[in-house]
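Geometric and topological summary
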Amino acid sequence: MRTRRRINLWSSPRNISTALMYAFAQRGDTTVVDEPLYAHYLTHQPTEAHHPGREAVLAAQENDGAKVVDTLREHDYGTENVVFKQMTHHLVNLEPDFLYPMTNVLLIRDPHEILASFGKVIERGVTAEDVGLPQQGELFNRLTVTGSLSAVVDAGRLLDDPAGVIERLCRRLDIDYDPAMLQWEAGPKPYDGVWAEHWYAGVHQSTGFEPRPRKVIELSPALAAVADQCSPIYQRLLKHAL
């Protein structure tokens, strides 16, 4: 079966994008690809945040973003659908025109929750651009104007009502809802990126979308300032979420 539907899932780091990738991987009609533009981003990174496993990522992936884009647009993955789990900030130094013929979804999360998790892996020099919220707001504008945005998914709402949000998302994507998307086996996956050992410990323990814990979030002053800077962007996108 030739690939006819190419879906970009645009997220920030420390969202539930890996869990959502696992959900799509349970479908027999879908291939998933984990952050294909990560190495490209690392070769053009405009910030100073250190990424663990950087050399392994550069060795494992094509570093030339233009070549990656050609693959995303043209490669036949052998399934009807392909889902590219993407980080919004990975679009650095790339024209977004290639997205417009594709299907695009934005996955958003409260920036205070993002920074609480992100700060456990990358502690110093974190900027709003490192977590991709400004880029996500800009991408929302571009995709909306071009009619290329199919849905905005809020991580909190997804965790509170997995079946309902996934079913609505499938409807927006014009694919059949499959309840198999709600569960997967624990542990590493063959389609994980090589960076999984640094970032995926939590999701590897999961077998489905788990209710989010209700807890007080404590951030350093520097991270709190970044979260506050990003909050208006998040609130604007939240108004459009499923």
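What you see is a predicted model, and the numbers here were worked out from it, not measured in a lab. (Residues numbered from 1 in each chain as written. Predicted model: local features only at pLDDT ≥ 70, side-chain atom pairs only at ≥ 80, totals over all residues. Heavy atoms only, no water.)

**Remarks on the nonpolar core**
Heads up, the condition is: Only buried residues count toward a nonpolar core, which is a set of Ala, Val, Leu, Ile, Met, Phe, Trp, Tyr and Cys residues joined through side-chain atoms within 4.5 Å. Relative accessibility thresholds used throughout: buried, under 20% of the residue-type maximum; exposed, over 50%; partly exposed, between the two (1.4 Å probe, protein chains only). The contact rule is simple, with two residues in contact once any of their heavy atoms fall within 4.5 Å.
Leu20, Phe24 and Phe209 are the most contacted members of the largest nonpolar core, which totals 78 residues. Here Phe209 is in contact with Ile16, Ala19, Leu20, Ala23, Leu158, Leu159, Pro162, Ile166, Met181, Leu182 and Trp184, once residues within four sequence places are set aside.

**Some points on the packing of aromatic side chains**
To describe a pair of aromatic rings, one takes the distance between the centres and the angle between the planes. Put simply, the rule reads: Whether two aromatic rings pair depends on their centres lying within 6.5 Å, for rings of Phe, Tyr and Trp, where Trp uses its six-membered ring; planes under 30 degrees apart make the pair stacked, over 60 edge-to-face, and the rest tilted. Each helix corresponds to a stretch of at least 4 residues labelled H or I by DSSP, and each strand to a stretch of at least 2 residues labelled E; elements are numbered beginning at the N terminus.
The full count for this structure, using the stated rule, is 6 aromatic pairs. Ring geometry for Tyr22 and Tyr191: centres 5.8 Å apart, planes at 75 degrees, overall edge-to-face. Residue Tyr22 is found in helix H1 (residues 17-25), and its partner Tyr191 is found in the loop between helix H8 (162-173) and helix H9 (196-199); the two are separated by 169 residues along the sequence. On the basis of an interplanar angle of 70 degrees and a centroid distance of 5.7 Å, the ring pair of Tyr77 and Phe84 is categorised as edge-to-face. Tyr77 gets classed as buried once you look at its relative accessible area, which sits at 18%. Judged by relative accessible area, which is 0%, Phe84 ranks as buried. Ring pairs connect the aromatic residues Tyr22, Trp184, Tyr191 and Phe209, which therefore count as one cluster.

**Description of the sheet that holds strand S1 (residues 5-11)**
Put simply, the rule reads: Paired strands are those between which DSSP finds at least two bridges. Axis definition: a line fitted to C-alpha atoms, over the contacting stretch in the case of helices. Angles run 0 to 180 degrees between N-to-C directions.
Judged by pairing direction, the sheet is parallel, and its 5 strands sit side by side in the order S2-S3-S1-S4-S5 without closing on themselves. Pairing within the sheet leaves two strands with one partner each, and these edge strands are strand S2 (30-34) and strand S5 (149-154). Along the sheet, successive strands turn relative to each other by an average axial angle of 20 degrees, direction set aside. Most of the contacts of H1 go to S2, to which it runs at about 155 degrees, and overall it touches S1, S2, strand S3 (81-87) and strand S4 (103-108).

**With respect to the packing of helix H5 (residues 111-118) against helix H11 (residues 221-238)**
Here is the rule: Two helices that cross are described as forming a left-handed crossing if the nearer one is turned anticlockwise from the farther one by less than a right angle, and a right-handed crossing if clockwise. Residue polarity is assigned by list, with Asp, Glu, Lys and Arg as charged and Ala, Val, Leu, Ile, Met, Phe, Trp, Tyr, Cys and Pro as nonpolar; anything else, Gly included, falls into the polar class.
Packing of H5 against H11 brings their axes to within 8 Å, and their N-to-C directions diverge by 145 degrees. In terms of crossing hand, the pair formed by H5 and H11 is right-handed. Judged by residue contacts, Pro111, His112 and Leu115 of H5 engage Leu223, Val226, Ala227, Asp228, Cys230, Ser231 and Tyr234 from H11. Here the residues of the contact of H5 with H11 sort into 7 nonpolar, 2 polar and 1 charged.

**Section: H1**
The element H1 is largely enclosed, with a buried count of 8 among its 9 residues. Among the residues of H1, those classed as buried are Ser17, Thr18, Ala19, Leu20, Met21, Tyr22, Ala23 and Phe24.

**A short note on the pattern of salt bridges**
What counts is decided by this rule: Salt bridge, as applied in this entry: a Lys or Arg side-chain nitrogen positioned within 4 Å of an Asp or Glu carboxyl oxygen.
Summed over all chains, the structure comprises 10 salt bridges. The shortest N-O distance in the salt bridge between Arg54 and Glu55 comes to 3.3 Å. Among the residues examined, Arg54 registers a relative accessible area of 28% and is labelled partly exposed. Across the salt bridge formed by Arg73 and Asp70, the nearest N and O atoms sit 2.8 Å from each other. Pair noted here: Arg73 and Asp70 are both in helix H4 (residues 65-74), with a separation of 3 residues, about one helical turn.

**Brief notes about the pairing of S2**
Within S2, 4 of the 5 residues are buried, leaving the element largely enclosed by the surrounding structure. The pairing of S2 with S3 spans 5 bridges and is parallel. Looking at the pairing, Asp34 lines up with Lys85 of S3.

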